[in-house]
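Chain by chain, the residues run as shown.
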Amino acid sequence: FILALSMARLGRMLHVLAFLLAPEASAFVVGAHVARPAVTRTARTPAPTANLFESIGKIVEYNVKYASKAFESLFTSKSARASHILLKGPSATADALALKERIAAGEISFADAARDYSACPSSVKGGDLGTFKPGTMVPQFDEVIFNPSVAVGQLATAKTQFGTHVIQITERDMGDSA
């Protein structure tokens, strides 16, 4: 009787051990009952249909348009140095124009305004972005920086996907070696 009781315990322990080591192998243990989880079917997520290819087309168009500018910048001698103040929020455009007027009137220096109001990490350097070539910055920013009608030192504004910028060009080399 004791031997039969020990054999039953040993069988259960082997079954548990086999299940822990390989759950699928426990089905081969004699007298083992394997509970199989119920298979549940989930509905497939419907495929996106809202202008998927139109969106991809816009992305490709953007990359073709601006990647060529970035590629051209590798071989151009044009460069500029600028500082900016990035303003965000619903009143960013109005705030940028007001701040531009305060700087132009001499109420506050550009660097101090950048430190106090800019949402960009460059604010700790007075908004200084360093020297860069065309295609380095977003297109709307480049259009202002490399526009010959915007004089070095002049204040300008630009609206980008990041917000509204008050820009001051500190240096510009248009690559004219005439």
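Residues numbered from 1 in each chain as written. Predicted model: local features only at pLDDT ≥ 70, side-chain atom pairs only at ≥ 80, totals over all residues. Heavy atoms only, no water.

Q: Just to check I follow, could you spell out the overall build of the chain for this structure?
A: From N to C terminus, the chain includes five helices and four strands. Start at the N end of the chain and walk to the C end: the helices and strands fall as α-α-β-α-α-β-α-β-β. For the chain, the proportion of its 178 residues judged to be buried stands at 28%. Across the chain, the fraction of contacts at a sequence separation of at least 24, relative to all contacts at a separation of at least 6, is 59%. In the form shown here, the chain has an accessible surface area of approximately 12600 Å², with 61% of it arising from carbon and sulfur atoms. (Helix = DSSP H or I, 4+ residues; strand = E, 2+ residues; numbered from the N terminus. Buried < 20%, exposed > 50% of the residue type's maximum accessible area, 1.4 Å probe, protein only. Contact = heavy atoms within 4.5 Å. Areas by Shrake-Rupley, 256 points an atom, 1.4 Å probe, with all protein chains shown as cover.)

Q: Just checking my understanding: could you explain the side chain of Asp142 for this structure?
A: By secondary structure assignment, the location of Asp142 is in helix H5 (residues 139-145). Each residue touching Asp142, except ones within four places of it in the same chain, is listed here: Phe132, Pro134, Gly135, Thr136, Met137 and Asn147.

Q: Which parts of the structure should I look at to understand the packing of aromatic side chains?
A: Two aromatic rings, taken as a pair, are described by how far apart their centres are and by the angle between their planes. Within this structure, the stated rule accounts for one aromatic pair. Geometrically, the ring pair formed by Phe132 and Phe146 is edge-to-face, given 6.3 Å between the ring centres and 90° between the ring planes. With a gap of 14 residues between them, Phe132 in strand E2 (residues 128-132) and Phe146 in the loop between H5 and strand E3 (155-160) connect regions that are remote in the sequence. Here Phe132 falls in the buried class, since its relative accessible area comes to 5%. (Phe/Tyr/Trp six-rings, centres within 6.5 Å; stacked < 30°, edge-to-face > 60°.)

Q: Mind showing me how you'd approach the pairing of strand E4 (residues 163-173) here?
A: Pairing geometry for strand E1 (residues 79-87) and E4, over nine bridges, is antiparallel. Note on E4: the bridge partner recorded for Leu86 is His165. Bridge count for E3 against E4 is six bridges, and the pairing is antiparallel. The partner of Ala158 across the bridge, within E4, is His165. The turn joining E3 and E4, which pair antiparallel and follow one another in sequence, is formed by two residues. (Pairing = 2+ DSSP bridges.)

Q: What is the right way to read the sheet that holds E1 from this model?
A: Strand-to-strand pairing in sheets goes through backbone hydrogen bonds, with the strands running parallel or antiparallel. One open sheet accounts for four strands, arranged E2-E1-E4-E3; its pairing is antiparallel. Of all strands in the sheet, those with a lone pairing partner are E2 and E3, marking the two edges. Direction aside, neighbouring strands of the sheet carry axes that sit 35° apart on average. Its contacts with the sheet put helix H3 (residues 92-104) on E1, E3 and E4, and the angle it makes with E3 is roughly 165°. (Axes fitted to C-alpha atoms, helices over the stretch in contact; angles between N-to-C directions.)

Q: I'm lost on helix H4 (residues 110-117) in this one. Help?
A: Helical periodicity: at 3.6 residues per turn, an α-helix aligns residues three or four positions apart in one direction. Every buried residue of H4 is listed here: Phe110, Ala113 and Ala114. All buried residues of H4 fall inside an arc of 100° around its axis, so they share one side. Where H4 is buried, its residues meet E1, H3, E3 and E4. (Arc of directions from axis to C-beta.)

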